[in-house]
Amino acid sequence: MVQTMWDLLLTNATLATMRDNSPYGLISDGAIGIHSGRIAWIGALADLPIAEGSSAREIHDLKGSLVTPGLIDCHTHLVYGGDRAREFEARLLGKSYEEIARAGGGILSTVNATRAASEDELVKAALPRLDALIAEGVTTVEIKSGYGLDTENELKMLRAARRLEHERAVRIKTTLLAAHALPPEFKDKPDDYITLVCEEILPAASAEGLADAVDGFCEGIGFSCDQMRRVFDKATSLGLSVKLHAEQLSDLGGAKMAAGYGALSADHLEYLKPEDAGVLADAGTVAVLLPGAFYYLRETKLPPIDALRAAKAPMALATDCNPGTSPLTSLLLTMNMGCTLFRMTPEEALAGVTRNAVKALGLDGDAGTIEIGKRADLCVWRAGHPSELSYMIGHNPLKMRIFGGKR
């Protein structure tokens, strides 16, 4: 659509549209017209359909800066109570996970701290982590529950996550991860806890409209495929999308199972069988790769990148920000890790935090690329080429962040 008067016109920019038609979807000497929070025109500045001076209420000459879609962190556990810095130190001093857990550490320490925190306290604690992401150009963040592990506290986490959208100019998508770990009151009774998840927690979250999707941890130290099928059956009956933590520590076939449900994503995937990459591709299930956890846990088993690439399975990258295994709040560093640790290309890394990340949230018709009609969530960078975003370590070249058409 061509408007005679746009709200904002960005000119003299290198545009990495992230459309599939060329590397990065690059347009040199480009321009973007924005109207009512959406992209109204995009193309070469020379092809601008109306005189530049009368085309918009506000015009910004970007002087050759790089413009990309706003970045998307599609897998985080951003809302939680407490921290586990002392546990990190204890591990480095030689304590085993079992010793730490017996001393009150591990995931249950986060569960206890989260249960003890009020909703206001959870919001306050999450804001600095969210601000760190926003400062690097993130415009959409997925936030999981999973540290409450009962109805009251799982819903409290989701409400806190929803509130963040009103505290900052960012879009939040929430995921119910009640099937994350076994709470202490259900010790040795995992099937009974899954019954609680299916019969009480999930319906309550759905009734309040607090969850956009449902997730679980399918692993030997988590829940089995059969248990997760019960959760997925209930979620789909309620009209909720599903996704799964799968094949992080072993191969239980969780990713393949999740793909059978048309899952939005299967996440981690270090132990994914190469032959199952095609199953994800056929189902349109995004492979969400989490190099922060791989790095933090000093893992050595790489996800099957070559097989995913050959199968043309969409690959996303995310911080997995959480207190125990990936206390990471930099999506730019995540991109570099995706390249250095997983041998992804810089183009795959950028696609992983834009075009493919938005698919992992079920929002691919609305964001993730620079195209007419999509939300004007954009990043302007002090960079000449998009490969620079994955190349630098500890450097933030963000010049301007545009959210819904507003700087």
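Attention in this report is confined to the structure presented alongside it. Please read these numbers as outputs of a predicted model, since none were measured by experiment. (Residues numbered from 1 in each chain as written. Predicted model: local features only at pLDDT ≥ 70, side-chain atom pairs only at ≥ 80, totals over all residues. Heavy atoms only, no water.)

Even without being glycine, D29 reaches a positive phi, approximately 50°. In this structure D29 comes out as exposed when scored by relative accessible area, which is 56%. We note that E247 has phi near 55°; this positive angle belongs to a residue other than glycine. Looking at the secondary structure, you find E247 in the loop between strand 10 (241-246) and helix 8 (254-260). (Buried < 20%, exposed > 50% of the residue type's maximum accessible area, 1.4 Å probe, protein only. Helix = DSSP H or I, 4+ residues; strand = E, 2+ residues; numbered from the N terminus.)

The next thing to look at is helix 5 (residues 151-167). Along its 17 residues, helix 5 runs 25 Å from first to last C-alpha, staying within 8% of the 24 Å computed at 1.5 Å per residue. Among the residues of helix 5, T151, N153, E154, L155, K156, M157, L158, A160, A161 and L164 are the ones counted as buried. For helix 5, the secondary structure elements touched by its buried residues are helix 3 (107-116), helix 4 (119-134), strand 7 (138-144), strand 8 (171-179) and helix 6 (190-207). (Expected span 1.5 Å × (residues − 1). Contact = heavy atoms within 4.5 Å.)

What follows covers the environment of E99. With respect to the helices and strands, the residue E99 is situated in helix 2 (residues 97-102). Linking E99 and T139, residues 40 residues apart in sequence, is a C-alpha distance of 40 Å.

Side chains on a regular strand alternate between the two faces of the sheet. Burial analysis of strand 2 (residues 26-35) places seven of its 10 residues in the buried class, which makes it a mostly covered element. Across six bridges, the pairing between strand 1 (residues 6-16) and strand 2 is antiparallel. Looking at the pairing, L10 lines up with I32 of strand 2. As judged from the six bridges shared by strand 2 and strand 3 (residues 38-44), these two strands associate in the antiparallel manner. Its bridge partner being in strand 3, H35 is matched across the sheet by R38. Once strand 2 ends, the chain turns through two residues before running back antiparallel as strand 3, passing S36 with a positive phi of about 55°. (Pairing = 2+ DSSP bridges.)

Per the stated rule, a full pass over the model turns up seven aromatic pairs. When the centroid spacing of 5.3 Å and the interplanar angle of 75° are considered together, the rings of F232 and Y261 count as edge-to-face. Here F232 is found in helix 7 (residues 225-237), whereas its partner Y261 is found in the loop between helix 8 and strand 11 (265-268), with 29 residues between them in sequence. Overall, the relative accessible area of 0% leaves F232 in the buried class. Residue class for Y261 comes out partly exposed when judged on its relative accessible area of 27%. Here a set of aromatic residues connected by ring pairs shows up, and it is made of F186, Y193 and F223. (Phe/Tyr/Trp six-rings, centres within 6.5 Å; stacked < 30°, edge-to-face > 60°.)

Turning our attention to the sheet that holds strand 7. An order of 6-7-8-9-10-11-12-13 is seen for the eight strands of this open sheet, with the pairing classed as parallel. Sheet topology places strand 6 (71-73) and strand 13 (315-317) at the edges, where each strand pairs with a single neighbour. Each neighbouring strand pair of the sheet contributes to a mean axis angle of 25°, computed without reference to strand direction. Summarising the sheet, strand 9 (residues 213-218) and strand 10 pair through four bridges and their orientation is parallel. Bridged to F217 within strand 10 is H245. Relative to strand 8, helix 6 is tilted by about 155°, and along the sheet it contacts strand 8 and strand 9. (Axes fitted to C-alpha atoms, helices over the stretch in contact; angles between N-to-C directions.)

Take the side chain of R171 next. Mapped onto the secondary structure, R171 falls in strand 8. Given the relative accessible area of 14%, R171 is considered buried. A distance of 2.9 Å separates a polar atom in the side chain of R171 from a polar atom in the side chain of D366. Beyond its immediate stretch of four places on either side in the chain, R171 contacts T139, T140, V141, E165, L363, D366, A367, R375 and F403. (Polar contact = N/O pair within 3.5 Å; in protein donor to acceptor, adjacent residues only side chain to side chain.)

Counting residues in each nonpolar core, the largest one holds 93 residues, and the members touching the most others are L164 and V231. In terms of residue count, helix 6 provides more of this core than any other element does, eight residues in total. Apart from the residues lying within four places of it in its own chain, the contact partners of L164 are L78, V79, V123, A126, L127, L130, I143, V170 and I172. Counting 17 residues, the second-largest nonpolar core is a separate cluster that includes L10, A13, I42 and M400. (Core = buried A, V, L, I, M, F, W, Y, C linked by side-chain atoms within 4.5 Å.)

On to the environment of T329. Residue placement: T329 occurs in the loop between strand 13 and helix 12 (331-340). Taking relative accessible area as the criterion, T329 reaches 26% and is therefore assigned partly exposed. Each C-alpha atom, one on T329 and one on H60, is 30 Å from the other, the two residues being 269 residues apart in sequence. Apart from residues no more than four positions distant in its own chain, T329 is found in contact with R129, A132, L133 and C321.

This next bit is on the pattern of salt bridges. Per the counting criterion, the structure on display carries 24 salt bridges. With a shortest N-O distance of 3.0 Å, R84 and E87 are connected by a salt bridge. Since its relative accessible area comes to 7%, E87 is described here as buried. Of the charged contacts in the structure, one is a salt bridge between D150 and R115, with a shortest N-O distance of 3.7 Å. With a gap of 35 residues between them, D150 in the loop between strand 7 and helix 5 and R115 in helix 3 connect regions that are remote in the sequence. Overall, the relative accessible area of 22% leaves R115 in the partly exposed class. (Salt bridge = Lys/Arg side-chain N within 4 Å of Asp/Glu carboxyl O.)

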